[in-house]
Amino acid sequence: MTDLSGTTNCVTDENSCASSTNYEIQEGANDIVVDPGAQSSWDSGDDMVLVQTLLVDTAEGTETPQGFRCIPASDVGAVTEEPVVITVTLSDFKSMPVKPLQANAGPADGWLPVNMTNVLHTDPAIQELSTELLDTPVAIRAIPTSFHWDLGDGNTITTTNPGKPYPSETVSAAYTQEGWYDITLTTTFSGQFSVNGGEWQDIDGTIEIASDPVPIYSKSLESKLVNSDIPLNEDEDPWLPERTADTEGPQDPAARHRTI
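Residues numbered from 1 in each chain as written. Predicted model: local features only at pLDDT ≥ 70, side-chain atom pairs only at ≥ 80, totals over all residues. Heavy atoms only, no water.

Caption draft 1: The arrangement of the overall build of the protein chain in detail. Counting secondary structure elements, the protein chain contains 1 helix and 16 strands. Per-residue burial for the protein chain yields a buried fraction of 32% across its 260 residues. Pairs at least 24 residues apart make up 63% of the contacts formed inside the protein chain by residues separated by at least 6 positions. Carbon and sulfur atoms form 48% of the exposed surface of the protein chain, whose accessible area is close to 16200 Å². (Helix = DSSP H or I, 4+ residues; strand = E, 2+ residues; numbered from the N terminus. Buried < 20%, exposed > 50% of the residue type's maximum accessible area, 1.4 Å probe, protein only. Contact = heavy atoms within 4.5 Å. Areas by Shrake-Rupley, 256 points an atom, 1.4 Å probe, with all protein chains shown as cover.)

Caption draft 2: Region of interest: unusual backbone geometry. A cis amide bond links tyrosine 166 with the next residue in sequence, proline 167, at an omega value of 20°. Turning to its location among the elements, proline 167 is positioned in the loop between strand S11 (156–159) and strand S12 (172–173). For leucine 134, which is not a glycine, the phi torsion comes out positive at approximately 50°. By the secondary structure assignment, leucine 134 is in the loop between strand S9 (127–133) and strand S10 (136–150). The exposure class assigned to leucine 134 is partly exposed, which follows from its relative accessible area of 21%. With a phi close to 55°, asparagine 196 is a non-glycine residue in the positive phi region. Its location among the elements puts asparagine 196 in the loop between strand S13 (179–195) and strand S14 (201–210).

Caption draft 3: Main features of the packing of aromatic side chains. If you walk through the whole model with that rule in mind, you get 2 aromatic pairs. Aromatic pair tryptophan 180 and tyrosine 217: ring centres 5.3 Å apart, planes at 55°, arrangement tilted. Linking tryptophan 180 in strand S13 with tyrosine 217 in strand S15 (residues 214–219), this pair joins segments that are 37 residues apart in sequence. Taking the ring centre of tryptophan 200 as reference, the NZ or CZ of arginine 141 above it sits at 3.9 Å. (Phe/Tyr/Trp six-rings, centres within 6.5 Å; stacked < 30°, edge-to-face > 60°. Lys NZ or Arg CZ within 6 Å of the ring centre and 35° of its normal.)

Caption draft 4: Broad picture of the environment of proline 144. Looking at the secondary structure, you find proline 144 in strand S10. Classification of proline 144 as buried rests on a relative accessible area of 13%. If we ignore the near neighbours within four places in the chain, the residues touching proline 144 are Leu101, Pro124, Ala125, Ile126, Thr187, Thr188 and Phe189.

Caption draft 5: Geometry of the sheet that holds S12. Across the sheet, 3 strands lie side by side as S6-S8-S12; this open sheet has antiparallel pairing. Sheet topology places strand S6 (104–105) and S12 at the edges, where each strand pairs with a single neighbour. The pairing of strand S8 (residues 118–121) with S12 spans 2 bridges and is classified as antiparallel. In the strand pairing of S12, asparagine 118 is matched with alanine 173. (Pairing = 2+ DSSP bridges.)

Caption draft 6: Fine view of the pattern of salt bridges. Within the structure shown, the criterion is met by 3 salt bridges. The shortest N-O distance in the salt bridge between aspartate 182 and arginine 243 comes to 3.0 Å. In this pair, aspartate 182 is assigned in strand S13 and arginine 243 in the loop between S15 and strand S16 (257–259), connecting sequence segments 61 residues apart. Look at aspartate 182 and you get partly exposed, because its relative accessible area is 30%. For glutamate 248, the salt bridge goes to arginine 243, with nearest N and O atoms at 2.5 Å. A network of salt bridges, in which partner residues are shared, links Asp182, Arg243 and Glu248. (Salt bridge = Lys/Arg side-chain N within 4 Å of Asp/Glu carboxyl O.)

Caption draft 7: Local environment of the nonpolar core. Formed by 32 residues in total, the largest nonpolar core has its most connected members in Val98, Trp149 and Ile183. Where this core is concerned, the elements lending two or more residues are S9, S10, S13, S14 and S15. Ignoring any residue separated from it by four or fewer positions in sequence, one finds isoleucine 183 in contact with Ala105, Asn118, Leu120, Trp149, Asp150, Leu151, Tyr175, Asp212, Pro213, Val214 and Ile216. (Core = buried A, V, L, I, M, F, W, Y, C linked by side-chain atoms within 4.5 Å.)

Quick look at the structure:
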């Protein structure tokens with residue numbers, strides 16, 4: 001029964017606890033206040049214990065009260081609670097702010113000659129993040145495991161090797177035609193989590209994070225006569241045209257997927 005003050009007074013069944021009100025539940029706080037004087041009216045020869053049952057949803061991080069019951073104090077030792085197991089699901093992993101890796105391709109000038117080796121690489125650093133589940137600190141780390149490169153001309157590469165800067169050519173490609181292309185890196189991350197500083201446990205499943213595309217111009221170079229009296233400025237870059245629909249690179253008719 002709930003009175004005008006919002007306090008719920010509970011009268012238990014006389015066969016289980018007391019025939020009169022012996023405890024009350026305060027609204028909001030869900031606190032229990034026991035009236036010791038009511039024990040004199042209990043029919044049972046054994047002291048009774050009030051037990052609350054909670055439904056714990058570890059995925060959502062919520063606790064829902066399921067009600068109260070009275071049991072003899074002598075039975076308390078037989079009452080066992082299932083341990084609360086905190087786990088990080090794939091959905092939890094996807095919601096974490098895992099940063100895309102930095103994709104590196106071609107020379108720093110943003111262009112390269114047709115058929116020149118285009119070196120691809122990234123930094124496969126492990127990212128460690130933190131969150132809280134059921135008021136417990138949880139550490140999560142995202143581990144790069146594979147890398148998918150889309151060259152923009154129909155050619156793609158999937159590899160577990162992050163590559164290295166030039167002169168390494170471990171992960172590389174070449175454009176056969178002239179034009180602007182976007183190179184996109186998509187990284188697959190596996191995950192692990194640690195609850196309150198405990199051992200690392202694997203997260204079931206992986207996530208994919210795409211990096212910002214790297215624009216690069218593939219230029220078809222031709223030899224031509226120049227005025228030998230005019231000094232050549234090798235630092236000047238006269239070959240980068242404005243990116244328009246007319247300067248977009250065509251698809252490679254012999255495009256293929258490679259696994260490295």
